[in-house]
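What the coordinates show
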Amino acid sequence: MRFTIQRDKLIAGVQDVMKAISARTVIPILTGMKIEVKQHGVTLTGSDSDISIESYIPAEDEDKVYIENIEDGSIVLQAKYFPDIVRKLPESQVDIVVDDQFNVKITSGKSEFNLNGQSADEYPLLPKLQTENSFEMPIDLLKSMIKQTVFAVSTMETRPILTGVNIKLEDQKLVFTATDSHRLAKRDIPITDSNVSIEQVVVPGKSLNELYKILNDSEETVEISVTNNQILFRTKHLNFLSRLLDGNYPETSRLIPDHSKTTIQIKTTPLLKSIERASLLAKEERNNVVKFTSNDNGLIEISSNSPEIGNVEEEVTADKIDGENLKISFSSKYMIDALKAIEYDEVVIEFTGAMRPFVIRPVENDSILQLILPVRTY
């Protein structure tokens, strides 16, 4: 096996697949990175059996040649050393040659490394997904859906199903939902060019966080395919495969109130900054509790009180307040997370009472919803 490749292309591919490689894995060969060379290009693979990533580097693309001197073959290299070597090589081209004994020679300029490789035959085959059950969507939209929901997954392993994001596609509407049972984040978008339906799958939050980092912000689309226990995200040069979580996701729609007693319309940034300041004195508390009080003159009072440390009070002007006056306490962390995820200048907050969940939505977009359970304070 042999090939000569542009170093920056190799670095980009290696960085992508490294996100799926773990030093702690049950199958020893998975601590390595698989490299498969064919005349049309090179495929790099990394996997930790939960996530598998394949990055494809074409031999040439849009009249640019990235890979030359190709002799087909495959090898598994130690992921502990290979990425650092590639990153530090002196020249813009890298030549990689493998002999019959799986000895690997990596040359760039006057620098030469010799590494021991392993046979790629021992590397587990990734499941090939049947792609009938698949649909496409723009990458930037997928990334914003992940960003607006994944932070709300549970970090507690006591209910493993809540550590993932619930994904559902029916009646040409794609819905992402995440909850840790104290808060909920939901986003939906129309998928008009597909008649596929996906009853519901739960993708680990960890997988979606890695996918978010790895997806390119270019204008491309991503193809999403689902089987009974795997989900595949495929772009032009990337296959990202994740296992799905087993179990039934709780029915969350009944948590969302269908009426409100107090509605407040307010600019996102001043409210966010005010809650961040109030939370400075709420750090000792387990929930970082902040109090939120509305009154008749269009002002909201944000306050926090820690008996040993001190207290903070601040007033924020609302654009509009309808309904009853309100006094409610909530976790400042949950509120900050929700407001940061929304990415719109103005929000509507709907309250149904001091001990009932309240809902935050952008004024201009009701397809984004954040729900938070208040905290009981006596």
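In case you missed it, the structure is sitting above this.
As the structure is a computational prediction, the values presented were derived from the model and not from experiment.

**Brief notes about the overall build of the protein chain**
For the protein chain, the count of helices and strands is six helices and 28 strands. For the C-alpha atoms alone, the extent of the protein chain along its principal axes is close to 80 × 50 × 40 Å. Pairs at least 24 residues apart make up 66% of the contacts formed inside the protein chain by residues separated by at least 6 positions. Summed over all atoms, the accessible surface of the protein chain reaches about 19200 Å², with 45% contributed by carbon and sulfur. Here the protein chain holds 42 positive side-chain charges and 58 negative ones, and the gap between their average locations is 5 Å.

**A few points about the pairing of strand β20 (residues 262–267)**
With four bridges joining them, β20 and strand β24 (residues 320–323) adopt antiparallel strand pairing. Paired with Thr263 across the strands is Asp322, a residue of β24. When β20 meets strand β26 (residues 346–351), the two strands line up antiparallel, connected through six bridges. What sits directly across from Ile266, in β26, is Val347.

**Points about the sheet that holds strand β1 (residues 2–6)**
Ordered by their spatial adjacency, five strands build an open sheet running β7-β1-β9-β10-β11, and the pairing between neighbours is antiparallel. Either end of the sheet is taken by a strand with one partner, and the two such strands are β7 (67–71) and β11 (111–116). Taking each pair of neighbouring strands and ignoring which way they run, the sheet shows an average axis angle of 15°. In this sheet, strand β10 (residues 103–108) lies alongside strand β9 (residues 93–98) in antiparallel orientation, the contact comprising four bridges. From the neighbouring strand, Val98 faces β10, where its bridge partner is Val104. Contacts from helix α1 (residues 7–18) reach β1 and β9 within the one sheet, and its direction differs from that of β1 by about 95°.

**Notes on the environment of Pro28**
Its place among the elements puts Pro28 in the loop between α1 and β2 (32–38). Assessed through its relative accessible area of 61%, Pro28 is described here as exposed. For the pair Pro28 and Ser367, spaced 339 residues apart in sequence, the C-alpha separation works out to 45 Å.

**Some details on unusual backbone geometry**
Backbone geometry follows two general trends: most residues other than glycine have a negative phi, and most peptide bonds adopt the trans configuration. Look at Asn69: it is not a glycine, yet its phi comes out positive at around 50°. Tracing the backbone through its elements, the reader meets Asn69 in strand β7. Looking at Asn69, the relative accessible area reads 47%, which means it is partly exposed. For Gln172, which is not glycine, the phi dihedral falls at a positive 60°. Of note, Gln172 is situated in the loop between β13 (164–170) and β14 (173–179).

**Side note on the packing of helix α5 (residues 268–279) against helix α6 (residues 332–342)**
Two numbers describe how α5 lies on α6: the axes approach to 10 Å, and their chain directions differ by 155°. When the axes of α5 and α6 are compared, the pair comes out roughly antiparallel. Helix-helix and strand crossings are classified by hand; for α5 and α6 the assignment is left-handed. Touching Thr268, Leu271, Leu272, Ile275, Glu276 and Ser279 of α5 are Ser332, Met335, Ile336, Leu339 and Lys340, all from α6. Taken together, the residues of the contact of α5 with α6 sort by class into six nonpolar, three polar and two charged.

What counts, and at which threshold
One numbering rule holds for all chains: residues counted from 1, following each sequence as written. The model is predicted, so local features are restricted to residues of pLDDT at least 70 and side-chain atom pairs to those at 80 or more, both for listing and for counting; the totals for chains, interfaces and linings are taken over all residues. With hydrogens and water excluded, all non-hydrogen atoms of the structure serve as input to the side-chain values. The helix count covers DSSP runs of H or I at least four residues long, the strand count covers runs of E at least two residues long, and both are numbered beginning at the N terminus. Residues are treated as being in contact if the distance between any of their heavy atoms lies within 4.5 Å. With residues, only the protein chains shown are counted as cover, and all accessible areas are computed by Shrake-Rupley using a 1.4 Å probe. His is not counted, nor are the chain ends, whereas Lys and Arg count as positive and Asp and Glu as negative. By convention, the charge on Lys lies at NZ, on Arg at CZ, on Asp at CG and on Glu at CD. One requirement defines pairing of two strands: DSSP has to find at least two bridges between them. Fitted lines through C-alpha atoms give the axes, limited to the stretch in contact for helices. The angle between two N-to-C directions lies from 0 to 180 degrees. Burial here depends on accessible area, computed with a 1.4 Å probe over protein chains only, as a share of the maximum for the residue type. Under 20% is buried, over 50% is exposed, and the range in between is partly exposed. An angle below 35 degrees is read as roughly parallel, one above 145 as roughly antiparallel, one from 65 to 115 as roughly perpendicular, and any other as oblique. Left-handed describes a crossing whose near helix is turned anticlockwise from the far helix through less than a right angle; right-handed describes the clockwise counterpart. Classification used: nonpolar for Ala, Val, Leu, Ile, Met, Phe, Trp, Tyr, Cys and Pro, charged for Asp, Glu, Lys and Arg, polar for all others including Gly.

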